[in-house]
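Chains, contacts and geometry: an overview
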Amino acid sequence: MNTLNNLLDHRGSIEKRLMKLTGRVIWVVQLNLSSFSCGCTGITIFFAGLEKEDVEVFASRIVEILNEVTASVRLDPDIIYASLVPGSSEVGSISLKRLCDECRKDYGGDVRPWSNISILYKKAC
Ligand SMILES: [Zn+2]
């Protein structure tokens, strides 16, 4: 199994399925496997054309699609959230993350740690 080819497939599949779901023209500009200095790991997907309204209306379907498409990476994310482009209603990226202990505290409460994120899924801790 070639992981890099899988990433290309994942990118295309997410784009196609989100366009079908929302009826909008959406581009997955980039799909990255990410590791952070704090200890979190995950996948970050950068979008063009995806709106805040889409992720609010279709949150559970989007979570389903992203988990299905990225299952081969075996991430089993603790949290999935959309980050809005500051000052707009455009979704810049969606992150699927396995949280480190420190970030688990930040994201564990009822308050969003950042005002520009919209949480689509959070695993019961
Ligand atoms: Zn972290």
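Before reading on, note that the structure itself is shown above.
Rules used throughout
- Residues numbered from 1 in each chain as written.
- Predicted model: local features only at pLDDT ≥ 70, side-chain atom pairs only at ≥ 80, totals over all residues.
- Helix = DSSP H or I, 4+ residues; strand = E, 2+ residues; numbered from the N terminus.
- Buried ≥ 20, exposed ≤ 12 C-beta atoms within 10 Å, placed from the backbone.
- Pairing = 2+ DSSP bridges.
- Axes fitted to C-alpha atoms, helices over the stretch in contact; angles between N-to-C directions.
- Contact = placed C-beta atoms within 7 Å.
- Expected span 1.5 Å × (residues − 1).
- Arc of directions from axis to C-beta.

On to unusual backbone geometry. Here the phi dihedral of Arg74 falls at roughly 55°; this positive angle occurs in a residue that is not glycine. Within the element layout of this structure, Arg74 appears in the loop between helix 3 (59–69) and strand 3 (79–84). Overall, the presence of 6 C-beta atoms within 10 Å leaves Arg74 in the exposed class. Of note, Asp76 is a non-glycine position whose phi angle comes to about 50°, a positive value. Checked against the element boundaries, Asp76 lands in the loop between helix 3 and strand 3. Among the residues examined, Asp76 registers 11 C-beta atoms within 10 Å and is labelled exposed.

Across the sheet, which stays open at both edges, the five strands sit in the order 1-2-4-3-5 with antiparallel pairing between neighbours. For this open sheet the edge positions go to strand 1 (27–35) and strand 5 (117–122), each flanked by a neighbour on one side alone. Adjacent strand axes in the sheet meet at a mean angle of 15°, parallel and antiparallel pairs treated alike. Relative to strand 2 (residues 41–48), strand 1 is paired through eight bridges, and the arrangement is antiparallel. Along strand 2, the bridge assignment pairs Leu33 with Ile43. Seen against the sheet, helix 1 (residues 3–22) touches strand 1 and strand 2 and runs at an angle of roughly 135° to strand 1. Packing against the sheet, helix 3 makes contact with strand 3, strand 4 (91–98) and strand 5, and its axis sits at approximately 65° to strand 5.

A few words on the environment of Thr22. Tracing the sequence through the fold places Thr22 in helix 1. Thr22 sits 32 residues away from Asp54 along the chain, and the two C-alpha atoms are 6.6 Å apart. Residues within four places of Thr22 in sequence aside, it is in contact with Asp54 and Phe58.

All right, on to the pairing of strand 2 then. Turn length for the strand 1-strand 2 hairpin, with the two strands adjacent in sequence and antiparallel, is five residues, and the turn residue Gly39 shows positive phi of about 120°. Relative to strand 4, strand 2 runs antiparallel, the two being bridged by six bridges. By the bridge assignment, Ile43 is partnered in strand 4 with Leu96.

Taking 1.5 Å per residue as the helical rise, helix 1 with its 20 residues ought to reach 28 Å, and the 28 Å between its terminal C-alpha atoms agrees with that figure. Listing the buried residues of helix 1 in full gives His10, Ile14 and Leu18. Viewed along the axis of helix 1, the buried residues span an arc of 45°, placing them on a single side of the element. Across helix 1 from its buried face, at more than 90 degrees, point the exposed residues Asn5, Leu8 and Lys20. Taken together, the buried residues of helix 1 touch strand 1, strand 2 and helix 3. In the stretch just after helix 1, Gly23 is the one whose phi turns positive, near 75°.

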